[in-house]
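Descriptive analysis of the structure
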Amino acid sequence: MKSRILLIDDDEHVLDGLRAALRKKRYRMLATTSPEEGLRMLEECGADVVVSDENMPEMSGTRLLSHVAERHPETMRIMLTGATSLDVALAALNAGDVHRYLTKPCRPSELALAIDQVLEVQQLRRDGQRLLRLARRQQSALRELAPLHPALGALLADEDAFLLDEDDDATLESVARDAERRRFGF
């Protein structure tokens, strides 16, 4: 299935350039010059990645991406902006919880690479969540079988055995974030 990318920039010419630059990647692209319309499109259609400018009349990209992070945490967020100040970058990273911060002008290959990287991270997160659900089901089944098979009881009691319990979510999330940062350098 093709990934859906939502592009938001108040300059129609920039959107045309982004669409043209990403056309070869064969993403399903949505685009708008309005942050408010972008939020509506996200609600109606969903998106795997939102790429937003910072300086827009209706709403800043940081504020927009902050809304996206709150309402659609699974949607990856990229800031693509000509605003290169440290304050803007920090706000985008902290308030907007962006996964990548790119400055204009940006080579099409750099943007495509950033999108591919955040899509890979998104897939890794989904796979991790799926594996965690599977591990929990397996652990539950082991606990049900333990009274019938003493060796399983010993395995469940072994602190060095790699079995997950309900309290391991935070640890797994932390490990996943650290691996993501090391892999992609952010």
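These lines cover the structure that appears in this document, whether it is placed above or below. These figures come from a predicted structure and were not determined experimentally.

1. A look at the pairing of strand S3 (residues 49-52)
Going residue by residue along S3, you find Val-49 and Val-51 tucked away on one face and Val-50 and Ser-52 tucked away on the opposite face as well. In this structure, strand S1 (residues 4-8) lies alongside S3, joined through four bridges in parallel fashion. In the strand pairing of S3, Leu-6 is matched with Val-50. Bridge count between S3 and strand S4 (residues 76-81): four bridges; the pairing is parallel. Bridge pairing in S4 links Val-51 to Ile-78. A crossover links S3 with its parallel partner S4, the connecting element being helix H3 (residues 61-71), and its sense is right-handed.

2. Quick look at the side chain of Ser-34
Assignment of secondary structure puts Ser-34 in the loop between strand S2 (28-32) and helix H2 (35-45). Polar contacts involving the side chain of Ser-34 include one to the main-chain amide nitrogen of Glu-37, which spans 3.1 Å. Other than its neighbours up to four places away in sequence, Ser-34 contacts Ile-8 and Glu-58.

Criteria and cut-off values
- Residues numbered from 1 in each chain as written.
- Predicted model: local features only at pLDDT ≥ 70, side-chain atom pairs only at ≥ 80, totals over all residues.
- Heavy atoms only, no water.
- Buried < 20%, exposed > 50% of the residue type's maximum accessible area, 1.4 Å probe, protein only.
- Helix = DSSP H or I, 4+ residues; strand = E, 2+ residues; numbered from the N terminus.
- Pairing = 2+ DSSP bridges.
- Right-handed = clockwise from strand over helix to strand, strands pointing away.
- Polar contact = N/O pair within 3.5 Å; in protein donor to acceptor, adjacent residues only side chain to side chain.
- Contact = heavy atoms within 4.5 Å.

The values are spatial; any link to function lies outside them.
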